[in-house]
Amino acid sequence: MKTERKSRIVVFFLSLLIWILITMVCSIPSLIAGIIIALITSIFAGEMLIITERKFHLKRVWYTIEYLVKFTWELIKANFHVAYIVIHPLLPIKPGIVKVKTKLKRDSALTMLANSITLTPGTLTVDIDVDNQILYVHWIDVKFTDIEQTTKDIGGRFEKLLEEIFE
Amino acid sequence: MHDLALNQIIGYIIICGGIIFDFFGVLGLVRLPDVYNRLQAATKSVTFGSVGILLGVFIYSGFTATGFKAILCAIFILLTSPVSAHAIAKAAHKAGIKLTDETIIDLYQEDKELQK
């Protein structure tokens, strides 16, 4: 109950901030319209933002920055990988769907892991089996089929950081 | 010749880079064999290309209404485009669309058959 109310308040101020940034007009009618829309948003979708009962930790900020830097680097690498495959006259691909095991449990952490895997070189998340904690990943250039090696190679890049940030 | 400020030149360069990566994504969409491989090219290159273009717009126009809108759009694209790729890939597999003949392994199909 309490976390739900907190989540609604955070959503209200977040949507109001986005409204102000988008409109960039500081007149009273525009601000009133923004407040009404932010209220509607927080009533209908306010409880969906996930807020955990944890204390603020400076270490977590550091891990988030490290994650963002690593993610950007992997994204750039992924794009040059795609460009190389697409330009190559013989299309050097060896596709397949492999399984990756994960230790993460929270929905938010799993979503971020799946998104990170999709935007890193050669891999695309197809499905998640939440009960068994298995991700099905389409790999454009399959190197291993063994579940332990794929977990180390695909999931290992982000799993530790996401565990520190979300769990 | 126009007189361009430094930030406008950098903005134009980044926009051109984004357009080049968008082009690679589209080329992949045409050249690669099946829906999953095409999604790979489409998601990665088009996300990075579009975010690059929007970032270029932000650097070009600075801290104005246009710039903030570009940054917000970039964040939304970065968060939503992988999710839509998961949805399309899962739906394609569910609809029984075959993987290309070059595919060497499909553990997802094996697990689905085990559960039946």
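All values reported here derive from a predicted model rather than from experimental measurement.

About the criteria used
- As a convention, each chain's residues are numbered from 1 in the sequence order in which they are written.
- Written order decides the labels, with chains lettered from A and ligands numbered from 1.
- With pLDDT at 70 or above as the cut-off, local features in this predicted model cover only qualifying residues; side-chain atom pairs require 80 or more to be listed or tallied, and sums for whole chains, interfaces and linings still use all residues.
- Derived side-chain values reflect all non-hydrogen atoms in the structure, with water molecules and hydrogen atoms excluded from consideration.
- Note on contacts: a residue pair qualifies if any of its non-hydrogen atoms lie within 4.5 Å across the two residues.
- What counts as buried area is the accessible surface, traced by a 1.4 Å probe, that two parts surrender upon association, with contributions from both included.
- A carboxyl oxygen of Asp or Glu within 4 Å of a side-chain nitrogen of Lys or Arg is what we treat as a salt bridge.
- The way it works is that DSSP assigns letters per residue, a run of H or I at least four long becomes a helix, a run of E at least two long becomes a strand, and they are numbered from the N terminus.
- When residue character is reported, Ala, Val, Leu, Ile, Met, Phe, Trp, Tyr, Cys and Pro are called nonpolar, Asp, Glu, Lys and Arg charged, and the others, Gly included, polar.
- In short, DSSP must find at least two bridges between two strands for them to pair.
- Every axis corresponds to a line fitted to the C-alpha atoms, with the helix fit spanning only the stretch in contact, and the corresponding angles, defined between N-to-C directions, vary from 0 to 180 degrees.
- Two aromatic rings from Phe, Tyr or Trp, using only the six-membered ring of Trp, form a pair when their centres are within 6.5 Å; if the ring planes differ by under 30 degrees the pair is stacked, by over 60 it is edge-to-face, and anything between is tilted.
- Partly exposed residues are those whose accessible area sits between 20% and 50% of the maximum for their type, while under 20% is buried and over 50% is exposed, using a 1.4 Å probe and protein chains only.
- Bear in mind that the domain bounds are from an automatic or database domain assignment.
- Roughly parallel means an angle under 35 degrees; roughly antiparallel means over 145; roughly perpendicular covers 65 to 115; every other angle is labelled oblique.
- Left-handed describes a crossing whose near helix is turned anticlockwise from the far helix by less than a right angle; the clockwise case is right-handed.

K.L.:
Looking at this model, I keep getting lost on the interface of chain B and chain A. Mind explaining?
P.N.:
By a widely used convention, the size of an interface equals the accessible area lost when the partners come together. Contacts between the two partners involve 43 residues from chain B and, on the opposite side, 43 residues from chain A. Taken together, both faces of the contact between chain B and chain A bury some 3,800 Å²; the carbon and sulfur share is 72%. Area buried by chain B at its contact with chain A is led by B:Arg31, B:Gln40 and B:Lys44, which between them contribute 17% of it. Between A:Asp127 and B:Lys90 there is a salt bridge, with the nearest N and O atoms lying 3.5 Å from each other. Going through the elements one at a time, helix 1 (6–31), helix 2 (35–61), helix 3 (65–94), strand 1 (105–106) and helix 4 (107–115) of chain B are the ones with two or more residues in the side of chain B that touches chain A. The element that contributes the greatest number of residues to the side of chain B that touches chain A is helix 3 of chain B, accounting for 13 residues. For the side of chain B that touches chain A, a count of residues per class yields 24 nonpolar, 12 polar and seven charged. Both strand 1 (residues 96–101) of chain A and strand 1 of chain B contribute to a ladder of two bridges, which runs parallel. Note that in strand 1 of chain B the partner of A:Gly96 across the bridge is B:Ile105.

K.L.:
Just checking my understanding: could you explain the sheet that holds strand 3 (residues 134–139) of chain A for this structure?
P.N.:
Sheets are built from strands paired through backbone hydrogen bonds, the pairs being either parallel or antiparallel. Taken in spatial order, the four strands make up an open sheet running 2(A)-3(A)-1(A)-1(B), and their pairing is mixed. Because the sheet does not close on itself, it has two edges, and the strands there are strand 2 (123–129) of chain A together with strand 1 of chain B. Packing against the sheet, helix 4 (residues 107–118) of chain A makes contact with strand 2 and strand 3 of chain A, and its axis sits at approximately 155° to strand 2 of chain A. Across the sheet, helix 5 (residues 147–166) of chain A touches strand 1, strand 2 and strand 3 of chain A, and the angle it forms with strand 1 of chain A is around 70°.

K.L.:
Would you mind showing me how to read the packing of aromatic side chains here?
P.N.:
Geometrically, a pair of aromatic rings is defined through the distance of the ring centres and the angle of the planes. This structure, assessed with the given rule, holds 10 aromatic pairs over all chains. Considering the side-chain rings of A:Phe80 and B:Phe21, the 5.4 Å spacing of their centres and the 90° angle between planes classify their relative orientation as edge-to-face. Remark: B:Phe21 occurs in helix 1 and A:Phe80 occurs in helix 3 (residues 58–87); the pair is interchain, linking two chains. Taking the relative accessible area as the measure of exposure, A:Phe80 reaches 52% and is therefore exposed. Under the relative-accessibility criterion, B:Phe21 is labelled buried at 11%.

K.L.:
So what exactly am I meant to see when it comes to the domain arrangement of chain A here?
P.N.:
Once the domains are mapped, chain A shows domain 1 (3–48) and domain 2 (58–166). Here the C-alpha centre of domain 2 of chain A lies 34 Å away from the C-alpha centre of domain 1 of chain A.

K.L.:
Help me out: how do you make sense of the pattern of salt bridges in this one?
P.N.:
Side chains carrying opposite charge are able to pair once their charged atoms draw close together. All names here are of chain A. Applying the stated criterion across every chain yields a total of two salt bridges over all chains. Lys77 is paired through a salt bridge with Glu74; the nearest N and O atoms lie 3.6 Å apart. You can see Lys77 and its partner Glu74 sitting in helix 3, three residues apart, about one turn around the helix.

K.L.:
So what exactly am I meant to see when it comes to the packing of helix 3 of chain A against helix 2 of chain B here?
P.N.:
Each pair of packed helices can be described by the angle between their axes along with the distance between the axes. Packing of helix 3 of chain A against helix 2 of chain B leaves a shortest axis separation of 9 Å and a crossing angle of 120°. In terms of their interaxial angle, helix 3 of chain A and helix 2 of chain B are classed as oblique. Crossing angle aside, the handedness with which helix 3 of chain A passes helix 2 of chain B is left-handed. For the pair helix 3 of chain A and helix 2 of chain B, contact is made by A:Leu75, A:Ile76, A:Ala78, A:Asn79 and A:Val82 and by B:Ala41, B:Lys44, B:Ser45 and B:Phe48, respectively. Per-class residue counts for the contact of helix 3 of chain A with helix 2 of chain B are six nonpolar, two polar and one charged.

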